[in-house]
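Close look at the chain arrangement
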Amino acid sequence: MKKQSVKKSTIFLALALLITTTHASVAADPQQGKALTKQWCVSCHLSDDNKSASDVGPPFAQIANDPRYTDARLRAWLHDPHPPMPKFEIDRRTIENIIAYIRTLKE
């Protein structure tokens, strides 16, 4: 009975460590997101240090402060954008980085 209990404890600890490590390794990087938006988005969206853009897209600060723009909605939009936004092939990590950057602009 003790052997089984130790085995279960070991498995539980291993899973907890795996989950913690995995979460830490996929944490979004807002600085990477900012760099990507400077490269791809600032011609249409105003950002924190971009003072000129077309009025095609809402400013990132507006998106950050609008409760309708949930993370899920932003993920869906970035994964499958609609015109006039260009269709980028963006991977999951890149999407998370962009969302993390936009969230830094929330007041």
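Anything mentioned here points back to the structure above.
The sections below set out a description of the structure shown in this document. (Residues numbered from 1 in each chain as written. Predicted model: local features only at pLDDT ≥ 70, side-chain atom pairs only at ≥ 80, totals over all residues. Heavy atoms only, no water.)

**Quick notes on the pattern of salt bridges**
Worth spelling out the cut-off: In the sections that follow, a salt bridge refers to a side-chain nitrogen of Lys or Arg positioned within 4 Å of a carboxyl oxygen of Asp or Glu.
Across all of its chains, the model carries 4 salt bridges by this definition. Of the charged contacts, one joins Asp80 and Lys87 as a salt bridge, the two residues approaching to 3.6 Å between their closest N and O atoms.

**Some points on the packing of helix H4 (residues 71–79) against helix H5 (residues 92–104)**
Our working rule: Axis lines are fitted to C-alpha atoms, over the contacting stretch for helices. Their N-to-C directions set the angle, which ranges from 0 to 180 degrees. The helix and strand labels rest on DSSP assignments: H or I over at least four residues marks a helix, E over at least two residues marks a strand, and numbering proceeds from the N terminus. Roughly parallel covers angles under 35 degrees, roughly antiparallel covers those over 145, roughly perpendicular covers 65 to 115, and oblique covers all other angles. Two helices crossing with the near one rotated counterclockwise from the far one by less than a right angle form a left-handed crossing, whereas a clockwise rotation gives a right-handed crossing. Contacts were defined at the residue level, with two residues in contact if any of their heavy atoms lie within 4.5 Å. Each residue is assigned to one class: nonpolar for Ala, Val, Leu, Ile, Met, Phe, Trp, Tyr, Cys and Pro, charged for Asp, Glu, Lys and Arg, and polar for all the others, Gly among them.
Between H4 and H5, whose axes approach to 10 Å, the crossing angle comes to 130°. One element, H4, and the other, H5, form an angle in the oblique class. Between H4 and H5 the crossing geometry is right-handed. Here H4 contributes Asp71, Leu74, Arg75, Leu78 and His79 to the contact with H5, which in turn contributes Ile95, Glu96, Ile98, Ile99 and Arg103. Here the contact of H4 with H5 is composed, by residue class, of 5 nonpolar, 1 polar and 4 charged.

**Some words on the state of the cysteines**
Note the threshold: Only a pair of cysteine sulfur atoms within 2.5 Å qualifies as a disulfide here. Only protein chains enter the accessibility calculation, which uses a 1.4 Å probe; a residue whose area is less than 20% of its type maximum is buried, one above 50% is exposed, and one in between is partly exposed.
Following the criterion strictly, the structure yields 0 disulfides and no others. Of all cysteine sulfurs in the structure, the one in Cys44 sits closest to Cys41, which takes part in no disulfide; the separation is 8.5 Å. We classify Cys41 as buried; its relative accessible area is 15%.

**Looking at the nonpolar core**
Threshold: We call a set of buried residues a nonpolar core when its members are Ala, Val, Leu, Ile, Met, Phe, Trp, Tyr or Cys and they connect through side-chain atoms within 4.5 Å of each other.
In terms of nonpolar packing, the biggest core is built from 14 residues, with Phe60 and Ile102 touching the most fellow members. Only helix H3 (60–65), H4 and H5 provide two or more residues apiece to this core. Residue contacts for Phe60: discarding those within four places in its chain leaves Thr37, Cys41, His45, Leu46, Ser47, Tyr101, Ile102 and Leu105.

**Description of the packing of aromatic side chains**
Selection rule: Aromatic contacts are taken between Phe, Tyr and Trp rings whose centres are within 6.5 Å, Trp giving its six-membered ring; a plane angle under 30 degrees counts as stacked, one over 60 as edge-to-face, and the others as tilted.
With the rule as written, the count across this model stands at 2 aromatic pairs. Judged by centre distance (5.3 Å) and plane angle (20°), the ring pair of Trp40 and Phe88 falls under stacked. You can see Trp40 sitting in helix H2 (residues 30–40) and its partner Phe88 sitting in the loop between H4 and H5, a full 48 residues away along the chain. Accessibility expressed as a relative area gives 30% for Trp40, which makes it partly exposed.

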